Amino acid sequence: MNATAPAAPAPAPTGFGLGIGPDGTYTRGAQVIAFLFGVWTMLLFFPLLIVGAMLYTNAEAKFPTDPGRARKMVLWSWLSVSILPPVALAVAGGVGFAIAAMTK
């Protein structure tokens, strides 16, 4: 008697809908997008590149034991290299502008 277990449903993709597998590996398209976002972040606000790399590195270790938390960490790593750099740059520029305006 050959009974097979039903296949587990595929987890929802993480990283702006790009291919992140259940073990945390990127597809080719996700690798390209991650590289471009990394360059974008490096040019705009370098400390967020470090944050994104640390989040993703920690997420890789958590995928086998806690995939839900690991996926949240991957999402935050994507946010830290895509959307947060221009926000941080705008805040830093606004603070610099305010300080310059106050000293005149």
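Thresholds, definitions, all that
- Residues numbered from 1 in each chain as written.
- Predicted model: local features only at pLDDT ≥ 70, side-chain atom pairs only at ≥ 80, totals over all residues.
- Heavy atoms only, no water.
- Helix = DSSP H or I, 4+ residues; strand = E, 2+ residues; numbered from the N terminus.
- Buried < 20%, exposed > 50% of the residue type's maximum accessible area, 1.4 Å probe, protein only.
- Axes fitted to C-alpha atoms, helices over the stretch in contact; angles between N-to-C directions.
- Parallel < 35°, antiparallel > 145°, perpendicular 65-115°, else oblique.
- Contact = heavy atoms within 4.5 Å.
- Nonpolar A, V, L, I, M, F, W, Y, C, P; charged D, E, K, R; others polar.
- 1 Å grid on protein atoms, 1.4 Å probe; cavity = no way out; pocket = protein on both sides within 12 Å on 5 of 7 lines; lining within 4 Å.
- Points joined across faces, edges and corners; volume = space filled by probe spheres on them.
- Phe/Tyr/Trp six-rings, centres within 6.5 Å; stacked < 30°, edge-to-face > 60°.

Caption draft 1: Local environment of the environment of Val 74. Following the sequence through the fold, Val 74 ends up in helix 3 (residues 67–82). Using a relative accessible area of 0% as the deciding quantity, one classes Val 74 as buried. As for Val 74 and Glu 60, which are separated by 14 residues in sequence, their C-alpha atoms are 8.6 Å apart.

Caption draft 2: Spatial organisation of the packing of helix 1 (residues 28–44) against helix 4 (residues 84–102). Interhelical geometry of helix 1 versus helix 4 gives an angle of 10° and a closest axis separation of 9 Å. Accordingly, the angle class assigned to the pair helix 1 and helix 4 is roughly parallel. Listed contacts from helix 4 to Trp 40, Thr 41 and Leu 44 of helix 1 are Pro 85, Pro 86 and Leu 89. Here the residues of the contact of helix 1 with helix 4 are counted per class, giving 5 nonpolar, 1 polar and no charged.

Caption draft 3: Highlighting the layout of surface pockets. A volume near 150 Å³ is recorded for the largest pocket. Counting residues per element, the ones that place at least two in the lining of the largest pocket are helix 1, helix 2 (46–62) and helix 3. Considering every element that reaches the lining of the largest pocket, the biggest residue donor is helix 2, with 4 residues. Within the lining of the largest pocket, the residues separate by chemical class into 7 nonpolar, 3 polar and no charged.

Caption draft 4: Quick peek at the packing of aromatic side chains. This structure, assessed with the given rule, holds 1 aromatic pair. With centroids separated by 5.8 Å and ring planes inclined at 85°, the aromatic side chains of Phe 37 and Trp 78 adopt a geometry described as edge-to-face. Of this pair, Phe 37 sits in helix 1 while Trp 78 sits in helix 3, placing them 41 residues apart in sequence. By relative accessible area, which is 23% here, Phe 37 ends up partly exposed. Residue Trp 78 is classed as buried on the basis of its relative accessible area of 1%.

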